[in-house]
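# Reading the structure
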Amino acid sequence: MVKGSAGRNAEKQISEYSLSGFPIPVKPARMNEQHPEVTDLGRSGVVAIVGRTNVGKSTLLNHLVEEKVSIVSDTVQTTRNVIRAILAEKRGQLVFLDTPGVHKAEGELGKNLNKAARSAVQGVDAILLVLDASAKPAMEDDGWFRRITREEVPVIVALNKSDRRYSCADQYREMWDEVKADRASDKEVSWMEVSALQGDQMPELLTALFETVPEGEPLFPDDILTDYPRKLNIADVIREKYFQRLEQELPHALAIWVEDIDEQEKKWTVEVAVMVERHSQKGIVIGNKGRLIKWVREQAEKELYEMYGVRFKLKLWVKVEKNWRKNFWILKKLGYA
Ligand SMILES: Nc1nc2c(ncn2[C@@H]2O[C@H](COP(=O)(O)OP(=O)(O)OP(=O)(O)O)[C@@H](O)[C@H]2O)c(=O)[nH]1
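Structural notes, computed from the coordinates. (Residues numbered from 1 in each chain as written. Predicted model: local features only at pLDDT ≥ 70, side-chain atom pairs only at ≥ 80, totals over all residues. Heavy atoms only, no water.)

### Overview of the packing of helix α2 (residues 57-65) against helix α7 (residues 202-212)
Where α2 meets α7, the axes come as close as 10 Å, and the angle between the chain directions of the two elements is 85 degrees. Of the possible angle classes, the one that applies to α2 and α7 is roughly perpendicular. Residues L60, H63 and L64 of α2 touch α7, and the partners they reach there are M202, L205, L206 and L209. Broken down by class, the residue content of the contact of α2 with α7 amounts to six nonpolar, one polar and no charged. (Axes fitted to C-alpha atoms, helices over the stretch in contact; angles between N-to-C directions. Helix = DSSP H or I, 4+ residues; strand = E, 2+ residues; numbered from the N terminus. Parallel < 35°, antiparallel > 145°, perpendicular 65-115°, else oblique. Contact = heavy atoms within 4.5 Å. Nonpolar A, V, L, I, M, F, W, Y, C, P; charged D, E, K, R; others polar.)

### Comments concerning the pattern of salt bridges
Taken as a whole and judged by the stated rule, the model has twelve salt bridges. Across the pair D141 and R52 runs a salt bridge whose closest N-O atoms are separated by 2.9 Å. In this pair, D141 is assigned in helix α5 (residues 139-149) and R52 in the loop between β1 (43-50) and α2, connecting sequence segments 89 residues apart. As far as the burial class goes, D141 and R52 line up, both buried. In this structure, R146 engages D182 in a salt bridge whose closest nitrogen and oxygen atoms are separated by 2.8 Å. One end of the pair, R146, is in helix α5; the other, D182, is in helix α6 (residues 169-183), with 36 residues separating them in the sequence. Taking relative accessible area as the criterion, D182 reaches 54% and is therefore assigned exposed. Among the charged side chains, a salt-bridge network with shared partners connects D142, R146 and D182. (Salt bridge = Lys/Arg side-chain N within 4 Å of Asp/Glu carboxyl O. Buried < 20%, exposed > 50% of the residue type's maximum accessible area, 1.4 Å probe, protein only.)

### Topic: the packing of aromatic side chains
Scanning the model with the defined rule gives five aromatic pairs in all. Look at Y308 and F312: their rings are 5.6 Å apart centre to centre, the planes differ by 50 degrees, and that puts the pair in the tilted class. Here Y308 falls in the partly exposed class, since its relative accessible area comes to 27%. Aromatic rings pair up to connect F145, W176 and W191 into one cluster. Geometry around W295 places R245 over its ring, the cationic atom sitting 4.5 Å from the centre. (Phe/Tyr/Trp six-rings, centres within 6.5 Å; stacked < 30°, edge-to-face > 60°. Lys NZ or Arg CZ within 6 Å of the ring centre and 35° of its normal.)

Shown next as structure tokens:
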């Protein structure tokens, strides 16, 4: 199991990711035999990046992860959160979540924001609250401050856009003090003045994040990291072909899942499960005399050849999974069902 004070959170996260149908094993922590209190594992955790719109969350994330990242996909979601990026390096692994729904709710204060905010930060190991230090604090910032007084996990507050001459950093600190007093909270947060645009304090922020998350095995094994975006992409191409041909007829619960890629120099053989819910839907995705599935395979192989510059052999297996819908619902959110 994942070690560390926030270990339970990480376990919870993993079970949520696993819900999505992907095998995300949790390996036991390796202990250092001479110093059982020390592990050689590095640190890994899930970080929610929150803050009102336009404060620079995306810019900041892009800068933090640079090329070291495996961007999973903009559309890869768990039931609540979008995995925007996974940063894997020798210090460990940081899984960054974006928070769909929060942006939309941000304009409407009160209940909606509160609900979205609550779900955005639930179960994570650390929260990175991004503020625009070059603009006056807004009601939404107050909302976020209030929310984090209630969170037990560590919070780093990034006062972004510190490259701009006009700074409201002090006003944000005052607002935080007021919120704390109002809530009788003794919550401590770490403050950092950064510029995502210019990259100021980005290495320091990354170090702070690594120090904040628990020690433990990486949340995502390396092979999943390399394979994952490619698998999603191949699944997307196949799914798109089905969409082109079926449109209305498409079984509601159709999911494409790439199970395996065997990379030979001249040809990649890919095992693909085409998941449907009921036996009656099997015929639809196979088509009369297998014509549809053949067409989908050929079209997808052609497109993938153009994309990757290597020949593809797609092996499409239609599978009926009675309980697929539950998974499908999640997969749909994951962006490839
Ligand atoms: N001067 C300055 N501009 C910045 C900085 N960080 C981001 N910006 C600018 O602020 C604007 C918004 O940045 P985004 O990264 O899109 O903000 P966001 O918080 O992801 O926005 P939403 O997706 O709407 O929530 C862009 O024009 C960025 O170039 C910074 O450190 N300094």
